[in-house]
Every structure is written in C-alpha cells, then in structure tokens.
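Chains, contacts and geometry: an overview
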Amino acid sequence: MSFADLLLMELHGMEKSKQKNMDIIKALLKELESEFITTKKFLALVPVDKFDWAPHEKSMKLKSLASHIAELPEWVSLALTTDGLDFETAPYQEKKVENNEDLLKLLEESYEKGKSELAQSNVEDFDNQWILRNGEHILGDLTKYEMMRIAFSQTIHHRAQLGVYLRILNIPIPGSYGPSADEPGF
C-alpha cells in the first residue's frame, strides 16, 4: 500500500469521525427543539391566577415550577460554556415572570441560547469535566455531555410535574410524545 493510499484512508477515517460527531450534535439539536415545542404547549396553559398555588406544602409553587422549566434549555449553554456551577458563589435566583407571555419569552430566549451553543459546540469537549457544587459539597461530578442530558431530563421531569398540577386544576393536558387523554380522538 502506498503512502498516498494510507493518507487517503486516514483522511476518510477523519471525515467519517467528523460526520459521526456532527450527527450527534444534529440529534441533540432535534431533541432540544422537540422538547421546546412540547414545553411551549404546557407553559401556555399555566393559569396566572394560580401562580402561588401548589398541590402540597412540599411542592414548588406553580410560578416557580413554570419559570424553572422555561429556563432549563439554557442549561445546555451553561454546560457547554462553563466548567461548573457553585450555588455558594452563584445562588439560584428565580427568573421574574408576571404572565404567560413572560414564561414563553423566557422559554424562547433560553432555547435560543441552548440551541446556539449546541450548534457551535465540538463533540471533543463533551467529555470535559463539569462540576455542580454548593461550596465544598459536590452535588455532581459530571461531563459536559452528562450535564446537557440532565438539562434535557430535568425539562421532561418538571414538565411532567406541571402536567400533574394542570390535571389537578382541571386544565386539559396537551400531548407530549403522542396524544393525551384530553385530546380529541384519543
């Protein structure tokens, strides 16, 4: 085999690897968009007059839950642009929302930030360490990829909580991964 043949094989392997990396980013972008579309349907239904309501004393207030859901896509950006988060030096502050328009605007801004960073990301960086902490107490020693997956999972988890809140409040639930029992033709 000639040097040129070896070089062509190496270049072909590099191109296949690059394509595989791009496929991962494309798949994550598609998933992020899908979760954004579903989340938007749920947040549009949050009743402003029930912002201070919670189904149980240990549960988050509806407004806090909804605003947290709206900000979660930005955590993809946080995972990709930082090496971690320390609640001791950067305590969590709930985003200010007054109505559904504010919730949807927060969601859209959060989604655009997450999408933009993900689209520009390098798969090679996904294995870099990302630490969630509260001072010296380590809450999570993760990779950037794992932190992105947690942001996706947290969106799904908290959106399901919101679905329970809406059900208790007698508000029809939109479908997430297919029709809900409240949609015609189910």
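Residues numbered from 1 in each chain as written. Predicted model: local features only at pLDDT ≥ 70, side-chain atom pairs only at ≥ 80, totals over all residues. Heavy atoms only, no water.

On to the overall build of the chain, then. When you go through the chain residue by residue, the secondary structure sums to five helices and three strands. For the chain, buried positions account for 37% of its 186 residues. Contacts spanning at least 24 positions in sequence make up 72% of the contacts within the chain whose residues lie at least 6 apart. For the chain, the exposed area adds up to about 11,200 Å²; of that, 54% sits on carbon and sulfur atoms. (Helix = DSSP H or I, 4+ residues; strand = E, 2+ residues; numbered from the N terminus. Buried < 20%, exposed > 50% of the residue type's maximum accessible area, 1.4 Å probe, protein only. Contact = heavy atoms within 4.5 Å. Areas by Shrake-Rupley, 256 points an atom, 1.4 Å probe, with all protein chains shown as cover.)

Moving on, we get to unusual backbone geometry. Notably, asparagine 170 is not glycine yet its phi reads approximately 65°, a positive angle. Among the secondary structure elements, asparagine 170 is positioned in the segment after helix 5 (144-168). Asparagine 170 sits in the exposed class, given a relative accessible area of 70%.

Mapped onto the fold, isoleucine 37 is located in helix 1 (residues 3-43). Under the relative-accessibility criterion, isoleucine 37 is labelled partly exposed at 46%. Expressed as a C-alpha distance, the spacing of isoleucine 37 and tyrosine 111, which sit 74 residues apart in the sequence, is 10.0 Å.

Let us now look at the environment of serine 77. Mapped onto the secondary structure, serine 77 falls in helix 3 (residues 74-81). Taking the relative accessible area as the measure of exposure, serine 77 reaches 12% and is therefore buried. Separated by 39 residues in sequence, serine 77 and serine 116 have C-alpha atoms that sit 7.9 Å apart. If we ignore the near neighbours within four places in the chain, the residues touching serine 77 are Lys113, Gly114 and Glu117.

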